[in-house]
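Remarks on the overall topology
Now for the letters of each chain:
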Amino acid sequence: MTGRVEGKVAYITGAARGQGRSHAVRLAQEGADIIAVDACRDVVDYSTIPPSTPEDLAETADLVKALDRRVVTAEVDVRDFEALKAAVDGGVEQLGRLDIIVANAGIGTSGAPLHEMDETRWQDTIDVNLSGVWKSVKAGVPHLQAGGSIVLTGSVGGLKAYPRVGHYVAAKHGVVGLMRSFAVELGPQSIRVNSVHPTHVNSPMLMNESAYHTFRPDLENPGPDDLAPICQMFHVLPVPWVQPEDISNAVLFFASDESRYITGVALPIDCGSCLK
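Attention here is on the structure that accompanies the text. All of these numbers come straight from a predicted model, not from anything done at the bench. (Residues numbered from 1 in each chain as written. Predicted model: local features only at pLDDT ≥ 70, side-chain atom pairs only at ≥ 80, totals over all residues. Heavy atoms only, no water.)

Glancing now at the overall build of the protein. From N to C terminus, the protein includes 8 helices and 7 strands. Taken over the C-alpha trace, the protein has a radius of gyration of 18 Å; the compact-globule value for 276 residues is 19 Å, and the two agree within 12%. Each principal axis of the C-alpha atoms in the protein carries an extent, and together these give about 55 × 40 × 35 Å. In the protein, buried positions account for 53% of the 276 residues. Sequence separation of at least 24 residues holds for 73% of the intrachain contacts in the protein that already meet a minimum separation of 6. Here the protein has roughly 12,100 Å² of accessible surface; of this, 53% comes from carbon and sulfur atoms. Of the side-chain charges in the protein, 23 are positive and 34 negative, and the distance between the mean point of each set is 6 Å. (Helix = DSSP H or I, 4+ residues; strand = E, 2+ residues; numbered from the N terminus. Rg over C-alpha atoms; globule rule 2.2 N^0.38 Å. Buried < 20%, exposed > 50% of the residue type's maximum accessible area, 1.4 Å probe, protein only. Contact = heavy atoms within 4.5 Å. Areas by Shrake-Rupley, 256 points an atom, 1.4 Å probe, with all protein chains shown as cover. Lys, Arg positive; Asp, Glu negative; His and termini not counted. Charge placed at Lys NZ, Arg CZ, Asp CG, Glu CD.)

Turning our eyes to something else, we now look at unusual backbone geometry. Backbone geometry places Ser190, a non-glycine residue, at a positive phi of 60°. By the secondary structure assignment, Ser190 is in the loop between helix H5 (166-186) and strand E6 (192-198). Note on Ser190: relative accessible area 43%, which makes it partly exposed. For Cys271, which is not glycine, the phi dihedral falls at a positive 55°. Relative to the assigned elements, Cys271 resides in the segment after strand E7 (266-269).

Here strand E2 (residues 33-38) runs beside strand E3 (residues 71-75); their pairing, made up of 5 bridges, is parallel. Residue pairing across strands places Val37 opposite Ala74, the latter belonging to E3. In this fold, E2 hands off to helix H2 (residues 54-65), which returns the chain to E3; that crossover is right-handed. (Pairing = 2+ DSSP bridges. Right-handed = clockwise from strand over helix to strand, strands pointing away.)

Glancing now at the nonpolar core. Of all hydrophobic cores here, the largest spans 39 residues; its most connected members are Tyr11, Leu98, Ile150 and Leu152. Those elements that provide at least two residues to this core are strand E1 (9-13), E2, E3, helix H3 (81-95), strand E4 (98-103), helix H4 (119-140), strand E5 (144-153) and H5. It is H5 that provides the largest number of residues to this core, a total of 7 residues. Setting aside anything within four residues of it in sequence, one finds Ile150 in contact with Ile101, Val137, Val141, Leu144, Leu186, Ile191, Arg192, Val193 and Asn194. Ala32, Ile100, Ile247 and Leu252 belong to the second largest nonpolar core, which has 30 residues in total. (Core = buried A, V, L, I, M, F, W, Y, C linked by side-chain atoms within 4.5 Å.)

Moving on, we get to the packing of H4 against H5. Where H4 contacts H5, the two axes come as close as 9 Å, and the packing angle between them is 20°. In this view, H4 runs roughly parallel relative to H5, as classed from their interaxial angle. For the crossing formed where H4 meets H5, the hand is right-handed. Counting all contacts with H4, which are made through Arg121, Trp122, Thr125, Ile126, Asn129, Leu130, Val133, Trp134 and Val137, the residues of H5 involved are Gly166, His167, Tyr168, Ala170, Ala171, Lys172, Gly174, Val175, Leu178 and Phe182. Residues of the contact of H4 with H5, tallied by class, amount to 12 nonpolar, 5 polar and 2 charged. (Axes fitted to C-alpha atoms, helices over the stretch in contact; angles between N-to-C directions. Parallel < 35°, antiparallel > 145°, perpendicular 65-115°, else oblique. Left-handed = near helix turned anticlockwise from the far one by under 90°. Nonpolar A, V, L, I, M, F, W, Y, C, P; charged D, E, K, R; others polar.)

Moving on to the packing of helix H1 (residues 18-29) against H2. Helices that pack against each other are described as a pair by the angle of their axes relative to one another and the distance between those axes. Relative to each other, H1 and H2 sit at 15°, their axes nearing to 9 Å. Relative to H2, the element H1 is oriented roughly parallel. Where H1 crosses over H2, the two elements pack in a sense that is right-handed. Residues Arg21, Ala24, Val25 and Ala28 of H1 form the contact with H2, whose participating residues are Asp56, Glu59, Thr60, Leu63 and Val64. Tallied by class, the residues present in the contact of H1 with H2 amount to 5 nonpolar, 1 polar and 3 charged.

We now examine the state of the cysteines. Summed over the entire model, instances satisfying the criterion amount to 0 disulfides. Sulfur of Cys271: no disulfide; nearest cysteine sulfur belongs to Cys231 and is 10 Å away. Judged by relative accessible area, which is 11%, Cys271 ranks as buried. Unpaired in terms of disulfides, Cys274 finds its nearest cysteine sulfur in Cys271, a separation of 11 Å. (Disulfide = S-S within 2.5 Å.)

The relative placement of two aromatic rings is captured by the distance of their centres and the angle of their planes. This model, assessed by the stated rule, comprises 3 aromatic pairs. Measuring from centroid to centroid gives 6.4 Å for Phe215 and Phe234, while their planes differ by 70°, and the two rings are edge-to-face. Placement of the pair is Phe215 in helix H6 (residues 209-215) and Phe234 in the loop between helix H7 (224-232) and helix H8 (244-255), with a sequence separation of 19 residues. Given a relative accessible area of 25%, Phe215 falls into the partly exposed group. Ring pairs connect the aromatic residues Tyr162, Phe215 and Phe234, which therefore count as one cluster. Above the plane of the ring of Phe81 lies Lys138, whose end atom (NZ or CZ) is 4.7 Å from the centre. (Phe/Tyr/Trp six-rings, centres within 6.5 Å; stacked < 30°, edge-to-face > 60°. Lys NZ or Arg CZ within 6 Å of the ring centre and 35° of its normal.)

In structure tokens form, the structure reads like this:
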């Protein structure tokens, strides 16, 4: 099956690398033109995960162009609604329409027990991972065609709790509330809204020195091979993590007419993690 989103335009946040880049490429493979947005810099000054760069976003654009699809890019922090609106307005002006919103941008930071967490870390996570999702969708909805689809990136952490990352868990649980509320409000306009909830994903948010040391503090120089058995313990299926493409396939399903009567669904792509 090809051309599952042929002739449609998708607006994707966090598109410079990882899941966002994968979503852009997968939708382009199936016929969509892309509005690709990313901050391309550190959005908090204490993050231990190397940020995306303008070069990363340019590479995403090149990958889309190589599929003979059009692409418009913008460097925008999802906390900045006016900049998001300008980016989407400009993209729609160039590409002619908007059919799909993928609110994917987010951050992951190490934490502490909630009663010990500093207010800055809490607020930044809520501002990016929850309010940023709301602003991303808000910027795009006025352009959406009837039959449009919105997909929000949640997490297994939006469906169950983990210790020491309550700020992230709270934000991702909030994404489910956003998704359901948007679904109720936009359904009469024939706009569907769903969310995807990945487990560990083989992307820069997981594959970095900070994560290796967080999961394997017993080792001096841990790497991916040391991380794998710990991550596999979270799952029913015997794998440590999924690939970005696994999430993109779910995004494509929700973006396509194959899911034309599905709305308000929080879909885990979690290797059975929610069963544990």
